[in-house]
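The chain contents come next:
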Amino acid sequence: MKRDGALKSIWQENIPEYQSINNWNKDEVYDVLIIGGGITGLTTAVLLQSEGKKCILAEAYNIGFGTTGGTTAHLNTILDASYDQIEKDFDEADAKLVARATREAIDLVEGLVTRYGIDCDFSYQPGYIYAETAEQSSRLDEIREAAIRAGVVASCSEHIPVPMGFKNACRFDMQAQLHATRYLHGLAKTFEAAGGILLQHCIVGNVENGQHFTADSALGNIKAQKLVYATHIPPGINLLHFRCAPYRSYACAFTLKTGEYPAGLIYDMNDPYNYFRTQTISGRQYVIAGGFDHKTGHETNTDQVFRELEAYLRKHFDIDSIDYKWSSQYFNSTDGLPYIGELPGEENIYVGTGYCGNGMTLGSLAAKMICEMITGHESKYGELFDPSRIKIVAGFADFVKENADVISKFIGMRFDYEQISALVELAPGDATLAEWEGHKVAMYKDENGRIHALDPVCPHAKCIVDWNSAEKSWDCPCHGSRFAPNGALLTGPARKGLTQVKWEDIEGD
Ligand code: FES
């Protein structure tokens, strides 16, 4: 199977592309069209289909192509937003709701694995957060106490399963992990076995709303009564694009000389934090570790980020070999909680986004909530996670910061190009934003020396893309659209790729 980057994640090992089996009926008006074949889309599809809805799922590439294929697959009730922060920004009752919602999300995954016999190495694991400084230590006490108030089972721990020095540690019970793409494939089989239609390599363009939705897709028009955007962030331009900021995280999977693999889901308290766990792939154990996150499009030399991650890991672990390195994207919300429910300003269009670094848990939660909403049940969490919520206090400072950054990108980056004078400076496999004969051009030289010249203006909302050297993609810093070296759209919210620049266009002026 393929993924939205040049690097191979551990979840791609020995996983062929999923083969869809059911044919679709172009004349049928389906109950629900789900766009996106990651954790949110496939879980939603399984739940709705099992509730008797006739569903069709359209994935632009293969299932797991987006962030689910690049996750590190932690399922947790401890989110990036700490419970004391949630208490402060919302209130204690809401913090309890978040703890309950995330518990139910993990239970949902466990229930689907058991009910449908999905072979994906699901297991419950203890979670650990450890503090390395005195300041972190007192902060960790606050985090633990608030987690307990919210209803999470947490306690002090005398030990952590990784070989780092620590001053304080906290243990959280009943967290979980799984094999991400085997889980997705199991969901896909379950969905199809229940009569669902799964279309891969079916990019969806414009969607018109009349008597029903008509989605213009690569395979023809798809008609449905309701629509779910399970695309990580919805396409088009919406309020949510100003309430979510795209980030990238870096991961490695490596073997150890000692053979002592850490049991549990482990996190330090750095900003950005580092995370660790163990996974067995084809009978071989690996530590999966990650971190070194940054805002998408803010780091061109992403190979250097991998070098820093590797140096950090080698300092602490007796590494035998690093077999996988990859990076993936997530969206931070302005108040740390996800946006799940009807798309602001729309009816019968549902969305889940802003999962921060907790996409496997919150994507599962989104599926559960969207299923409840579509089947006419009230969701206990609908108000708290409402995408249209206006909560000025919660995350307001972050909101301003994220958007100030977006605005500076809108107006600033276009004048801030690295100047290059000749194409020969570009090494094969490398890319740059260049000023060429007075034109701004995103240029990539492929391994055969062929130049791909693109208009660097993102078709979503006109920000300027930046090169991601490790994943070999053009990444938009504003709302996270990503494009292949030849400009093809990898992930939205843009609906189309970057425009090719023809040399005649340049030379003709
Ligand atoms: Fe919004 Fe590029 S993703 S401008």
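What counts as what
Residues numbered from 1 in each chain as written. Predicted model: local features only at pLDDT ≥ 70, side-chain atom pairs only at ≥ 80, totals over all residues. Heavy atoms only, no water. Buried < 20%, exposed > 50% of the residue type's maximum accessible area, 1.4 Å probe, protein only. Helix = DSSP H or I, 4+ residues; strand = E, 2+ residues; numbered from the N terminus. Pairing = 2+ DSSP bridges. Contact = heavy atoms within 4.5 Å. pLDDT = per-residue confidence, 0-100. Salt bridge = Lys/Arg side-chain N within 4 Å of Asp/Glu carboxyl O. Disulfide = S-S within 2.5 Å. Phe/Tyr/Trp six-rings, centres within 6.5 Å; stacked < 30°, edge-to-face > 60°. Core = buried A, V, L, I, M, F, W, Y, C linked by side-chain atoms within 4.5 Å. Axes fitted to C-alpha atoms, helices over the stretch in contact; angles between N-to-C directions. Left-handed = near helix turned anticlockwise from the far one by under 90°. Polar contact = N/O pair within 3.5 Å; in protein donor to acceptor, adjacent residues only side chain to side chain. Nonpolar A, V, L, I, M, F, W, Y, C, P; charged D, E, K, R; others polar.

Okay, the pairing of strand β4 (residues 123-131) next. For β4, the tally of buried residues reaches 7 of 9 residues, placing the bulk of the element in the interior. Judged from the 8 bridges that link them, β4 and strand β6 (residues 168-177) form a sheet pairing that is antiparallel. Bridging from a neighbouring strand, Y130 pairs with A169 of β6. Where β4 lies against strand β12 (residues 265-267), 3 bridges are found, and the strand directions are parallel. Counted as the bridge partner of Y128 is I266 from β12.

What follows deals with the environment of G359. Within the secondary structure layout, G359 lies in helix α7 (residues 359-374). In this structure G359 comes out as partly exposed when scored by relative accessible area, which is 22%. It is 8.6 Å that separates the C-alpha atoms of G359 and T40, two residues lying 319 residues apart in sequence. Dropping the residues within four chain positions of it, G359 is found in contact with I39 and S364.

It is worth spelling out the sheet that holds strand β23 (residues 482-483) at this point. Two modes of strand pairing occur in sheets, parallel and antiparallel, and in both the strands are linked by backbone hydrogen bonds. Taken in spatial order, the 4 strands line up as β21-β22-β23-β24 in an open sheet, and their pairing is antiparallel. In the strand order of this sheet, the two ends are held by β21 (466-468) and β24 (489-491), each with one partner.

What follows deals with the confidence of the model for the chain. Taken residue by residue, the chain gives an average pLDDT of 90. The fraction at 70 or more is 90%. Counting contacts from residues 407-422, a segment whose pLDDT is below 50, to residues more than four positions away or on other chains yields 30 contacts. Considering only residues more than four positions removed or in separate chains, one finds that residues 504-509, a stretch of pLDDT under 50, has 7 contacts.

With that settled, the discussion passes to the pattern of salt bridges. It is possible for side chains bearing opposite charge to pair when their charged atoms get close. Overall, the coordinates contain 24 salt bridges when judged by the stated rule. The residue D119 makes a salt bridge to R182 at a minimum N-O spacing of 3.1 Å. Of the two residues, D119 sits in the loop between α3 (92-116) and β4 while R182 sits in helix α5 (residues 180-193), which places them 63 residues apart along the sequence. A relative accessible area of 56% places D119 in the exposed class.

Turning to the state of the cysteines, a few remarks are in order. In the structure shown here, the tally under the stated rule is 1 disulfide. For C463, the disulfide goes to C478, at an S-S distance of 2.0 Å. Handedness here is read from the sign of the S-S torsion; for C463 and C478, about -85 degrees, the answer is left-handed. Pair noted here: C463 is in the loop between β20 (451-454) and β21 and C478 is in the loop between β22 (473-475) and β23, with a separation of 15 residues, a long-range link. Residue C478 is classed as buried on the basis of its relative accessible area of 1%. In this model C120 remains outside any disulfide bridge; the closest cysteine sulfur is found in C371, 20 Å from its own. When its relative accessible area of 1% is taken as the criterion, C120 is described as buried. Cysteine C244 remains unbridged, with the sulfur of C356 as its closest cysteine sulfur at 8.2 Å. Its relative accessible area of 4% is what places C244 among the buried residues.

What follows is about the packing of aromatic side chains. For the coordinates displayed, the defined rule picks out 13 aromatic pairs. Measuring from centroid to centroid gives 5.2 Å for F122 and Y124, while their planes differ by 85 degrees, and the two rings are edge-to-face. Exposure remark for Y124: the relative accessible area of 30% places this residue in the partly exposed category. Members of the aromatic cluster, each reached through a chain of ring pairs, are F254, F276 and F317.

In this section: the nonpolar core. If you look at the biggest cluster of nonpolar residues, it comprises 84 residues, and the most contacted ones within it are Y83, Y183 and F385. Looking at this core element by element, the count peaks at 10 residues for α3. When neighbours within four sequence positions are excluded, F385 is seen to be in contact with V98, A101, L337, P338, Y339, I340, L365 and M369. Core analysis: the next-biggest nonpolar cluster, separate from the first, contains 24 residues, L199, A224, L343 and I349 among them.

For the pair helix α1 (residues 39-50) and α7, the least separation of the axes is 8 Å and the interaxial angle reads 35 degrees. The two elements α1 and α7 meet at a crossing, and its hand is right-handed. Contacts between α1 and α7 pair I39, T40, T43, T44, L47 and L48 from the former with G359, M360, G363, S364, A366, A367, K368, I370, C371 and I374 from the latter.

Before going further, it helps to examine the environment of Y261. Take Y261: it is sitting in the loop between β11 (244-256) and β12. For the pair formed by Y261 and R277, sequence separation is 16 residues and the distance between their alpha carbons is 8.3 Å. The residues contacting Y261, other than those within four sequence positions of it, are F254, T255, L256, T278, Q285, Y286 and V287. Here the side chain of Y261 touches Q285 through a polar contact of 3.4 Å, landing on its backbone oxygen.

Quick look at the packing of α1 against α3 now. α3 packs onto α1 with a crossing angle of 65 degrees between their chain directions and a minimal axis gap of 12 Å. Between α1 and α3 lies a crossing whose hand is left-handed. Residues T43, V46, L47 and S50 of α1 form the contact with α3, whose participating residues are L108, L112 and Y116. Looking at the contact of α1 with α3 residue by residue, the classes come out as 5 nonpolar, 2 polar and no charged.

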